[in-house]
Amino acid sequence: MWHLFCPDFRYNKISDINELWLREHGIDTIILDVDNTLLPYNADKPQAENIVWIKQLRSAGVRMILLSNNGGQRLEKICAEVGVSSISWAAKPLSLGFKRALHALRQRDKKSVLVIGDQLLTDVLGAKSMGLKVAWVETLSRKEFVLTGLTRKVEHMLVNKLVQKGMMPTKER
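In this text, all values refer to a predicted model and were calculated from it rather than measured experimentally. (Residues numbered from 1 in each chain as written. Predicted model: local features only at pLDDT ≥ 70, side-chain atom pairs only at ≥ 80, totals over all residues. Heavy atoms only, no water.)

(A) Local environment of helix H5 (residues 120–129). Counted residue by residue, H5 has eight buried out of ten residues, so it is predominantly covered. Those residues of H5 lying buried are Leu120, Leu121, Thr122, Asp123, Val124, Leu125, Gly126 and Ala127. Positive phi appears at Gly131, one or two residues downstream of H5, with a value of about 75 degrees. (Buried < 20%, exposed > 50% of the residue type's maximum accessible area, 1.4 Å probe, protein only. Helix = DSSP H or I, 4+ residues; strand = E, 2+ residues; numbered from the N terminus.)

(B) Just the sheet that holds strand E4 (residues 86–87), in detail. The parallel open sheet is built from six strands, whose spatial order is E1-E6-E5-E2-E3-E4. The open sheet has two edge strands, strand E1 (9–11) and E4, and neither has a second partner. The pairing of strand E3 (residues 63–67) with E4 spans two bridges and is classified as parallel. From the neighbouring strand, Leu67 faces E4, where its bridge partner is Ile87. Those strands touched by H5 are strand E2 (29–33), strand E5 (113–117) and strand E6 (133–137), and its axis lies near 165 degrees from that of E6. (Pairing = 2+ DSSP bridges. Contact = heavy atoms within 4.5 Å. Axes fitted to C-alpha atoms, helices over the stretch in contact; angles between N-to-C directions.)

(C) Representation of the environment of Leu38 within the structure. Residue placement: Leu38 occurs in the loop between E2 and helix H2 (48–59). Beyond its immediate chain neighbours, meaning those up to four positions away, Leu38 contacts Ile14, Leu32, Asp33, Pro46, Asn50, Ile54, Leu66, Ile78 and Leu140.

Following this line, the structure appears as structure tokens:
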């Protein structure tokens, strides 16, 4: 059971994941979390560094889709800003959103997909349950949805247990 909460990779931020690393790991498709992964929770625009990162990867042929448990005009504006489509109201960690993302990308080869997110209980658990590789990144902001703040306490306990068991990967870079 512990493996479902354990990311395959860890990074400080999404822009630390570069094209060469993706190619070395056979990854050509990214499913990217939005809040506190791409941009801080409730921010309207991603940081310039993250916009450049997306554009560089996309110009290198990496396919990408945003996957969010939220939706509405804010998500639409973010998609327009970065030039990437999205799956909204994903209900992570349930598989439906991940399946919708794979379908939208017409992606059948799960081995070439990387999910990137900041939460063990939504992004990592959902990706691992689907048999997808997952990179866990540091959250961009401590400001979060109320329920997320509560799940962070469980996440903290999980991280400690995974470290204790020697399962938690060290940060790449």
